[in-house]
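This is what each chain is made of:
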Amino acid sequence: LFFEPGFSMDQIILALHNETRRLSWDSTLQSQQLIQQLGRVDLVHQIQKPHALANQRRDIFEKKVGFAFRPENGSKADVCNFFYFSSLDSSEAKELCPEQKDTLRTFVFFGMHKFEVLKEAKVVKATLLLQCDAKLNKIKMGLYKAALPTLSKDFYCSLTKYLK
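Residues numbered from 1 in each chain as written. Predicted model: local features only at pLDDT ≥ 70, side-chain atom pairs only at ≥ 80, totals over all residues. Heavy atoms only, no water.

### Some words on the side chain of Thr 160
Step number 1: In this fold, Thr 160 is placed in helix α4 (residues 138-163).
Step number 2: Given the relative accessible area of 7%, Thr 160 is considered buried.
Step number 3: Setting aside residues no more than four positions away along its own chain, Thr 160 makes contact with Phe 3 and Phe 7. (Helix = DSSP H or I, 4+ residues; strand = E, 2+ residues; numbered from the N terminus. Buried < 20%, exposed > 50% of the residue type's maximum accessible area, 1.4 Å probe, protein only. Contact = heavy atoms within 4.5 Å.)

### Some thoughts on the nonpolar core
Step number 1: In this structure, Phe 3, Ile 12, Leu 16, Phe 115, Leu 159 and Leu 163 are the most contacted members of the largest nonpolar core, which totals 15 residues.
Step number 2: The set of elements that each furnish at least two residues to this core consists of α1 (9-17), β7 (123-133) and α4.
Step number 3: In terms of residue count, α1 provides more of this core than any other element does, five residues in total. (Core = buried A, V, L, I, M, F, W, Y, C linked by side-chain atoms within 4.5 Å.)

### Side note on the pattern of salt bridges
Step number 1: What the rule picks out here adds up to five salt bridges.
Step number 2: In this structure, Asp 26 and Arg 22 form a salt bridge, with 2.8 Å as the shortest nitrogen-oxygen distance.
Step number 3: With a relative accessible area of 13%, Arg 22 lands in the buried category.
Step number 4: As a salt-bridge pair, Lys 94 and Glu 99 come within 3.8 Å of each other at their nearest N and O atoms.
Step number 5: By relative accessible area, which is 42% here, Glu 99 ends up partly exposed. (Salt bridge = Lys/Arg side-chain N within 4 Å of Asp/Glu carboxyl O.)

### Examining the packing of aromatic side chains
Step number 1: In the structure shown here, the tally under the stated rule is eight aromatic pairs.
Step number 2: With a centroid separation of 5.4 Å and 20° between ring planes, the pair formed by Phe 67 and Phe 82 is classed as stacked. Of this pair, Phe 67 sits in strand β3 (residues 57-69) while Phe 82 sits in strand β4 (residues 80-87), and the two are 15 residues apart along the sequence.
Step number 3: Here Phe 67 falls in the partly exposed class, since its relative accessible area comes to 30%.
Step number 4: With a relative accessible area of 13%, Phe 82 lands in the buried category.
Step number 5: Measuring from ring centre to ring centre gives 6.2 Å for Phe 83 and Phe 115, while their planes differ by 85°; the resulting arrangement is edge-to-face. Of this pair, Phe 83 sits in strand β4 while Phe 115 sits in strand β6 (residues 107-118); the two residues are 32 residues apart in sequence, bridging distant segments of the chain.
Step number 6: Take Phe 83: its relative accessible area is 13%, and that puts it in the buried class.
Step number 7: Members of the aromatic cluster, each reached through a chain of ring pairs, are Phe 67, Phe 82, Tyr 84 and Phe 110. (Phe/Tyr/Trp six-rings, centres within 6.5 Å; stacked < 30°, edge-to-face > 60°.)

The following block contains the structure:
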């Protein structure tokens, strides 16, 4: 994703990774909260609203770590920010945040967000990668894959509208 000039990396990161701010613009979320902080690792629980392809609420309980990387001899403008996240082990997750009735727990195998400023274009580039068990049957998974470009565009539009 390339963000319009004028948006800072800090603005975008806070909108995506701050639980309170994310709830104010992401219409797919019913709730999201920081359960525990262990040093640089956040334990975050979110419940997603039902939608046409998954007519049941879903919750995700994940550990997330963020860090900044600056190349050797690089300036502050050369910093990239990374966030890695994955679901907690199911027994650990159940202990900290029991599963709720009528809610399907989704497992995130691997997630990564990378944010960098492209100096020449003066824009922030975000690279987003997610691999998860969506628990959809083959037909719904096919529909989901077909709908992914539209869903991604809606997500981006909601985020940029919030940032403005």
